[in-house]
Amino acid sequence: MRTIAMGSGILTVMLACWTLGQAQDTPAPTKPVAPPARLPAAVTEAKLTPAQQQMMLNARRGADWLARMHDVKGRFLPGYLPALQRASEGDNLNRQATAAAGLARAARVMREEAYAVRAAQTILTLLEDTIPDPDDKTCLLVDLPGDRLTRASAAASIILATCELPNPPADLVEKSEKLTRALYKLARTDGSLGEADVTTAGSILWAVARSHRQTPAAWKPALVSKALAFYRKQWAKNRRLEAVYPLTAACVECYRHTKDRNAAAFALEIQDWLVGLQYTNLDGKRLAWYGGFMTWIDGRPMEQEPDARAGALAASLVEAVSLARELADVQRHQQYSQALEQAVQFLISLQYTEAGTQHFTVWYRPKVVGGFHHSPTNGDLRIDHSAEALAAVMGFAEQVER
């Protein structure tokens, strides 16, 4: 695996991009945080098994595909429809931010400067859709159609993408912190975040907890801990697959900052339920389903074809494996690790490869090679699905390093 040293070069490029796009001065964040002296080490290929090395090769191809989907305007094409040979529709801020977060994480793990540049450019374009809070100049609001919670979810996506960047410039961190401060205003005395459901609340709480790493503030873990207690009760009444990743990540981040055992227990509760939905039997008629997950509809599991949404679920297992290790929960660590490996195997089966695209002409293959298509029977591509699958594959390899 190739590695590229990253240091002041990426910081210079991103600062230059930010200077062009900056619309106004910003105050200092709650607590200025200097960039780390060095980036986290890339995954050491020598420590990986041959199968895991192949997974990292798949991750490299996935990151390259995302990079190719990045256009000159600083955004990603939302997806691709191979059968129609054209880009797909359905673009939105959350998908763009998810793609930027996936590519930023790849930049950190693979130490690839070009990925970080593209991710930073996308975040800058997304920040163009923010405005100062007219009632509080220390806050930023997303200025897009939709209700308050829809905009708050979009803000959370931008924050999470920024937090994934290796060595983000101070100005970008400040903007992210302003968005985070605005989320604080959603909190109610009972721990709820306005009328947010478990999915939206999970995303917001994850963003607040994750931002505490780069801009520490005492109110952040306090808010998250209290809100998780409220939404644990809501989760028990209304479980949703789309809420699994953000809620689990929020719980794990909260535990890291506070050692809140209730937050850890909530994460384990979610993951125990998720593991029970995984296809683990080698059924000759449904071999392509192995490692994927059932659908959950109206409070019960439904045996339907698994799809690329398994990327987010697998990424949640990455968080769960890390938590189980920290808790010294040997049984769950083994169970979650096995489930993660099976889920990653399923995701890789969805990836377009050179060998699997021989029916396309040579010049056309780069349009699809590396992307993770929707399901075993649907070849359409979406940037957020590929970014989540990429995060899961890289997260699996990172767990080997710990």
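These numbers were taken from a predicted model, which means no experiment stands behind them.

Draft legend 1. Structural detail: the pattern of salt bridges. Applying the stated criterion across every chain yields a total of 21 salt bridges. One network of salt bridges, in which partners are shared, links Arg213, Glu253, Arg256 and Glu319.

Draft legend 2. Representation of the packing of helix 6 (residues 170-184) against helix 8 (residues 219-237) in the model. Direction vectors running N to C along helix 6 and helix 8 enclose 45°, while the axes themselves pass 11 Å from each other. Between helix 6 and helix 8, the interaxial angle falls into the category oblique. Where helix 6 crosses over helix 8, the two elements pack in a sense that is left-handed. When helix 6 is examined against helix 8, the residues Glu177, Thr180, Arg181 and Tyr184 are found in contact with a partner set consisting of Trp219, Lys220 and Leu223. Of the residues in the contact of helix 6 with helix 8, the class split is 3 nonpolar, 1 polar and 3 charged.

Draft legend 3. Quick peek at the sheet that holds strand 8 (residues 378-382). Reading across the sheet, the 4 strands line up as 2-1-8-7 and stay open at both edges, with antiparallel pairing between neighbours. The two strands at the open ends of the sheet, each matched to only one other strand, are strand 2 (86-87) and strand 7 (373-375).

Draft legend 4. The nonpolar core, seen in detail. Leu193, Leu205 and Leu228 are the most contacted members of the largest nonpolar core, which totals 124 residues. Every residue in contact with Leu205, bar those within four places of it in the chain, is listed here: Leu193, Leu223, Val224, Ala227, Leu228, Tyr231 and Ala250.

Draft legend 5. Structural view of helix 11 (residues 310-326). With 17 residues, helix 11 ought to run about 24 Å at 1.5 Å a step, and its terminal C-alpha atoms sit 24 Å apart, in line with that. Within helix 11, 15 of the 17 residues are buried, leaving the element largely enclosed by the surrounding structure. A positive phi of about 60° marks Ala328, the residue just after helix 11.

Draft legend 6. Main features of the pairing of strand 3 (residues 130-133). As paired elements, strand 3 and strand 4 (residues 136-142) share 4 bridges and run antiparallel to each other. Note on strand 4: the bridge partner recorded for Asp133 is Asp136.

Draft legend 7. Spatial organisation of unusual backbone geometry. One non-glycine residue, Lys259, adopts positive backbone phi at about 60°. Counting through the fold element by element, Lys259 comes out in the loop between helix 9 (241-258) and helix 10 (261-275). For Lys259, a relative accessible area of 43% corresponds to the partly exposed category. Even without being a glycine, Ala328 presents a positive backbone phi close to 60°. Note that Ala328 resides in the loop between helix 11 and helix 12 (330-349).

Draft legend 8. Fine view of the confidence of the model for the chain. With 87% of its residues at a pLDDT of 70 or more, the chain has an overall mean of 88. Mean pLDDT across the elements of the chain bottoms out in helix 1 (residues 8-21) (39) and peaks in helix 10 (98). Predicted confidence for residues 1-41 stays below pLDDT 50, and this span has 80 contacts to residues more than four positions away or in other chains.

Draft legend 9. Representation of the packing of helix 4 (residues 113-127) against helix 6 in the model. At a minimum axis separation of 12 Å, helix 4 and helix 6 run at an interaxial angle of 45°. As summarised for this structure, helix 4 and helix 6 are arranged oblique, according to the angle between their axes. Every pair of crossing elements has a handedness; the one defined by helix 4 and helix 6 is left-handed. Facing helix 4, whose interface residues are Ile123, Leu124 and Leu127, helix 6 presents Leu172, Lys175 and Leu179. Residue composition of the contact of helix 4 with helix 6, grouped by class: 5 nonpolar, no polar and 1 charged.

Draft legend 10. The arrangement of the environment of Ala227 in detail. Note that Ala227 resides in helix 8. Ala227 sits in the buried class, given a relative accessible area of 1%. Taking C-alpha positions, Ala227 is 9.4 Å from Gly202, a pair spaced 25 residues apart along the chain. Beyond its immediate chain neighbours, meaning those up to four positions away, Ala227 contacts Gly191 and Leu205.

Calculation notes
- Residues numbered from 1 in each chain as written.
- Predicted model: local features only at pLDDT ≥ 70, side-chain atom pairs only at ≥ 80, totals over all residues.
- Heavy atoms only, no water.
- Salt bridge = Lys/Arg side-chain N within 4 Å of Asp/Glu carboxyl O.
- Axes fitted to C-alpha atoms, helices over the stretch in contact; angles between N-to-C directions.
- Helix = DSSP H or I, 4+ residues; strand = E, 2+ residues; numbered from the N terminus.
- Parallel < 35°, antiparallel > 145°, perpendicular 65-115°, else oblique.
- Left-handed = near helix turned anticlockwise from the far one by under 90°.
- Contact = heavy atoms within 4.5 Å.
- Nonpolar A, V, L, I, M, F, W, Y, C, P; charged D, E, K, R; others polar.
- Pairing = 2+ DSSP bridges.
- Core = buried A, V, L, I, M, F, W, Y, C linked by side-chain atoms within 4.5 Å.
- Buried < 20%, exposed > 50% of the residue type's maximum accessible area, 1.4 Å probe, protein only.
- Expected span 1.5 Å × (residues − 1).
- pLDDT = per-residue confidence, 0-100.

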